[in-house]
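This is what each chain is made of:
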Amino acid sequence: MRFMLMIYGNPKNWSHPIFLEADAELSESDRTSMSEQLDALFRDTRASGELLDVFALAPPRQAKLVSAKSGTEVTTDGPFAEAKEFLAGTFIFECESEERAIEIAKRFPDTRFGTVEVRPIMEL
Amino acid sequence: MKYVILIYGNPKNWQHPIFLQYGDLSSEEHDRQLAAFDRFNAELDASGKMLTGAPLAAPETAKTLKERDGTLSITDGPFAEAKEQLAGFMLVDCERIEDAYEIAKNFPDIKYAAVEVRPVGDEKYQYWRKDS
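The rules we used
- Residues numbered from 1 in each chain as written.
- Chains lettered and ligands numbered in written order.
- Predicted model: local features only at pLDDT ≥ 70, side-chain atom pairs only at ≥ 80, totals over all residues.
- Heavy atoms only, no water.
- Contact = heavy atoms within 4.5 Å.
- Salt bridge = Lys/Arg side-chain N within 4 Å of Asp/Glu carboxyl O.
- Polar contact = N/O pair within 3.5 Å; in protein donor to acceptor, adjacent residues only side chain to side chain.
- Helix = DSSP H or I, 4+ residues; strand = E, 2+ residues; numbered from the N terminus.
- Nonpolar A, V, L, I, M, F, W, Y, C, P; charged D, E, K, R; others polar.
- Pairing = 2+ DSSP bridges.
- Core = buried A, V, L, I, M, F, W, Y, C linked by side-chain atoms within 4.5 Å.
- Buried < 20%, exposed > 50% of the residue type's maximum accessible area, 1.4 Å probe, protein only.
- Axes fitted to C-alpha atoms, helices over the stretch in contact; angles between N-to-C directions.
- 1 Å grid on protein atoms, 1.4 Å probe; cavity = no way out; pocket = protein on both sides within 12 Å on 5 of 7 lines; lining within 4 Å.
- Points joined across faces, edges and corners; volume = space filled by probe spheres on them.

Peer 1: I'm lost on the interface of chain B and chain A in this one. Help?
Peer 2: Many analyses report the size of an interface as the accessible area lost when the parts associate. Of the residues lining the interface, 54 residues belong to chain B; the matching set on chain A comes to 56 residues. Counting the contacts that link chain B with chain A gives three salt bridges. Measuring nitrogen to oxygen at the nearest pair gives 3.3 Å for the salt bridge that ties A:D53 to B:R129. At the junction of chain B with chain A, the criterion picks out 24 residue pairs in polar contact (both at pLDDT 80 or more). Those elements that place two or more of their residues in the side of chain B that touches chain A are β1 (2-9), β2 (50-55), β3 (63-68), β4 (71-76), β5 (85-93), α2 (97-104), β6 (115-120) and β7 (127-129) of chain B. Of the residues in the side of chain B that touches chain A, the class split is 33 nonpolar, nine polar and twelve charged. As defined by bridge partners, strand β2 (residues 51-56) of chain A adjoins β7(B) across three bridges and the pair is classed as antiparallel. By the bridge assignment for β7(B), A:D53 is matched with B:R129.

This is the structure we're talking about:
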């Protein structure tokens, strides 16, 4: 099964990995250990073949919306969701089970500052 | 440049293509829209602009993880408490954002909710794909 892991965050500065930009005073050792935690996760899941795709999104203010709800097509400044935290990036994993996908999600330092959502991908 | 096209929706039934789940379509209209969408997908495939994409399962199948004050919580449902939810995405490679709009416009979902277009960067952590 494929799962999409969505990272939500609201950092001081928008750059990736976004947890290093969290609105929190992080010590240098905290930063190093979290970066290593993410690198280890990438290494492990690339070696296991589970990690399929990664992409980090640009800041929400760069988003544009295409909509034709009123019958006329319009392109406006986005993002779509008006929220305190925004979609910052996504990861796609091939996992044996939802439990395994959640196990992977727990290893993202982003759970400390933002939110990680795990959702199955539909096979059509 | 790489752009992510995020498709949002709030259909009666969660199925893909999600725009076919809105309202009461006659079977002729259903077939017509599906054929148009298939044509668009075939053209996009042939253009080489589409890198990847995936339709997401229903929001109620999502789990959301957060750690606060040292305690991890795992709750049912998606992160965003919104009427319209992320339904799927597509990653495209285009010269200009306007080219990404041209692709985004082909999603009938723009009539029911909206399609968001956002750039992806090229630095470390910003884009990686197995076997590429």
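Structure's up, so let's keep going.
Peer 1: Can you help me understand the nonpolar core in this one?
Peer 2: A general tendency of soluble globular proteins is for nonpolar side chains to be buried together. Core analysis: the largest hydrophobic core is formed by 27 residues, its most contacted members being A:L5, A:F91, A:F93, A:I104, A:F108, A:V116 and A:V118. Secondary structure elements with two or more residues in this core: β1 (2-9), α1 (28-47), β2, β5 (86-94), α2 (98-106) and β6 (115-120) of chain A. If we ignore the near neighbours within four places in the chain, the residues touching A:F93 are A:M1, A:R2, A:F3, A:L5, A:T45, A:E50, A:L51, A:L52, A:I104 and A:F108. Judged by nonpolar contacts, the second largest core, of 24 residues, contains A:L52, A:F55, A:I92 and B:V120.

Peer 1: Got a minute to help me understand the sheet that holds β5(A) in this structure?
Peer 2: Sheet strands pair by backbone hydrogen bonding; their relative direction is either parallel or antiparallel. The seven strands lie next to each other as β4(B)-β3(B)-β6(A)-β1(A)-β5(A)-β2(A)-β7(B), forming an open sheet whose pairing is antiparallel. For this open sheet the edge positions go to β4 and β7 of chain B, each flanked by a neighbour on one side alone. Strand-to-strand twist across the sheet, computed as the mean angle between neighbouring axes with direction ignored, equals 20 degrees. Bridge analysis of β1(A) against β6(A) gives six bridges, and the strand direction is antiparallel. Looking at the pairing, A:I7 lines up with A:V116 of β6(A). Most of the contacts of α1(A) go to β2(A), to which it runs at about 145 degrees, and overall it touches β2 and β5 of chain A together with β7 of chain B.

Peer 1: Would you mind going over the layout of surface pockets with me for this structure?
Peer 2: If you roll a probe as big as a water molecule over the atoms, it shows you where there is empty space left. All names here are of chain B. Approximately 450 Å³ is the volume attributed to the largest pocket. Residue assignment for the lining of the largest pocket shows that the elements contributing at least two residues are α1 (27-47), β2 and β5. If one sorts the elements of the lining of the largest pocket by residue count, α1 sits on top with five residues. For the lining of the largest pocket, the per-class residue count stands at 15 nonpolar, four polar and five charged.

Peer 1: Please clarify how the pairing of strand β4 (residues 74-77) of chain A should be interpreted in this entry.
Peer 2: Here is the key point about a regular strand: its side chains alternate between the two faces of the sheet. Residues and elements named next belong to chain A. Note: strand β3 (residues 64-67) against β4, four bridges, orientation antiparallel. Each bridged residue has a counterpart across the sheet, and for V66 the counterpart in β4 is T75. The antiparallel hairpin formed by β3 and β4 contains six residues in its connecting segment, where G71 sits at a positive phi of about 95 degrees.

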